[in-house]
Amino acid sequence: MNAINEQLQWFDAGPVESIPKPGARRLRTNEGDIAVVRTSSGAVYAIGDKCPHKGGPLSQGMVFGEKVQCPTHGLVVDLVTGIAVSPDTGAVSTYRVRVESGRILICMVPQTAAAPCSGTCACAQAA
Ligand code: FES
């Protein structure tokens, strides 16, 4: 993983065109793997890669709409909120993403529905 600007905590996750529409790939970090997901509309999301059910790799799942289905047992996660779609339960962290000059930039501060971006991290202030 290449740092664009470590002070701002935005990391370069590579060219957006490296991920099929729709598709996903795994980004390895010291804090755990992140699934970087591109939808058929071209939107890019980043969520924790570990399924809330039994840890399946969401980056290997099927992407449809704004959701990804875990390949292990089929749990569906909303890419916007990181929350499992009912009737399943659980959630994964989400990460702020922006695409700039064809590169995917990810704020490495994880967020959850219960603890959304406080707006105080350097990324939020620089956005
Ligand atoms: S590990 Fe993902 S659905 Fe079971």
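Here, residues in each chain are numbered from 1, in the same order as that chain's written sequence. Only residues with pLDDT of at least 70 get local features here, since the model is predicted, and only at 80 or more are side-chain atom pairs given and counted; chain-wide, interface and lining totals rely on the full set of residues.

Turning our eyes to something else, we now look at unusual backbone geometry. Excluding glycine, residues mostly carry a negative phi; peptide bonds, for their part, are mostly trans. Omega for the bond connecting Lys-21 with Pro-22 falls within 30 degrees of zero, at 0 degrees, which places this linkage in the cis form. By the secondary structure assignment, Pro-22 is in the loop between β2 (10–15) and β3 (23–27). With an omega dihedral of 15 degrees, the bond running from Ser-86 to Pro-87 counts as a cis peptide bond. With respect to the helices and strands, the residue Pro-87 is situated in the loop between β8 (76–78) and β9 (94–95). Counting from the N terminus, the helices are DSSP H or I runs at least four residues long and the strands are E runs at least two residues long.

Joined through C-beta atoms within 7 Å, a set of buried Ala, Val, Leu, Ile, Met, Phe, Trp, Tyr and Cys residues constitutes a nonpolar core. Remark: C-beta atoms are placed from the backbone, and a residue is labelled buried if 20 or more other C-beta atoms sit within 10 Å of its own, exposed if 12 or fewer do, or partly exposed between those counts. Grouped together as the largest cluster of nonpolar side chains are 31 residues, with contacts concentrated most on Val-36, Val-37, Ile-47 and Ile-106. Elements supplying a minimum of two residues to this core: β2, β3, β4 (34–38), β5 (44–48) and β11 (103–107).

So, on to the sheet that holds β5. In any sheet, the strands associate via hydrogen bonds between backbone groups, in a parallel or an antiparallel arrangement. Taking strand neighbours across the sheet as the criterion, the four strands line up as β3-β4-β5-β9 in an open arrangement whose pairing is antiparallel. A single partner strand is all that each edge strand has here, and the edge strands are β3 and β9. For two strands to count as paired, DSSP must find a minimum of two bridges between them.

So, on to the confidence of the model for the protein. Note: predicted coordinates in regions of low pLDDT should not be interpreted at a detailed level. Summarising the model, the protein shows a mean pLDDT of 90, and 91% of its residues fall at 70 or more. pLDDT measures how confident the predictor is about each residue, on a scale from 0 to 100. Residues are scored as being in contact if the C-beta atoms we place from backbone atoms lie within 7 Å. Taken together, the stretch residues 1–6 has pLDDT below 50 and engages in 10 contacts with residues farther than four places along the chain or on a different chain.

With that settled, the discussion passes to the sheet that holds strand β7 (residues 67–69). Taken together, the three strands give an open sheet; going across it, the order is β6-β7-β8, and neighbouring strands pair in antiparallel fashion. Bordering the open sheet on either side are β6 (62–64) and β8, each of which pairs with just one other strand. On average, each strand axis in the sheet is inclined to that of its neighbour by 25 degrees, with strand direction left out of account. Pairing geometry for β7 and β8, over three bridges, is antiparallel. All axes here are fitted lines through C-alpha atoms, helices being fitted over the stretch that makes contact, and every angle between N-to-C directions spans 0 to 180 degrees.

Among the five residues of β11, four are classified as buried, and the element is accordingly described as predominantly covered. In sequence, strand β10 (residues 97–100) turns back onto β11 through a hairpin of two residues, with Ser-101 there showing a positive phi of about 50 degrees.

Take the pairing of β3 next. Examined bridge by bridge, β3 and β4 share five bridges and lie antiparallel to one another. Counted as the bridge partner of Arg-26 is Ala-35 from β4. Linking β3 back to β4 in an antiparallel pair, the connection comprises six residues, with Gly-32 at a positive phi of about 120 degrees.

You can see Ile-47 is positioned in strand β5. Ile-47 sits 64 residues away from Gln-111 along the chain, and the two C-alpha atoms are 9.1 Å apart. In contact with Ile-47, not counting residues within four places along its chain, are Ala-35, Val-37, Leu-58, Val-77, Leu-79, Gly-82, Val-92, Ser-93 and Thr-94.

Another point: the environment of Gln-9. On the secondary structure map, Gln-9 appears in the loop between β1 (2–5) and β2. For Gln-9, a count of 18 C-beta atoms within 10 Å gives the class partly exposed. Taking C-alpha positions, Gln-9 is 13 Å from Gly-119, a pair spaced 110 residues apart along the chain.

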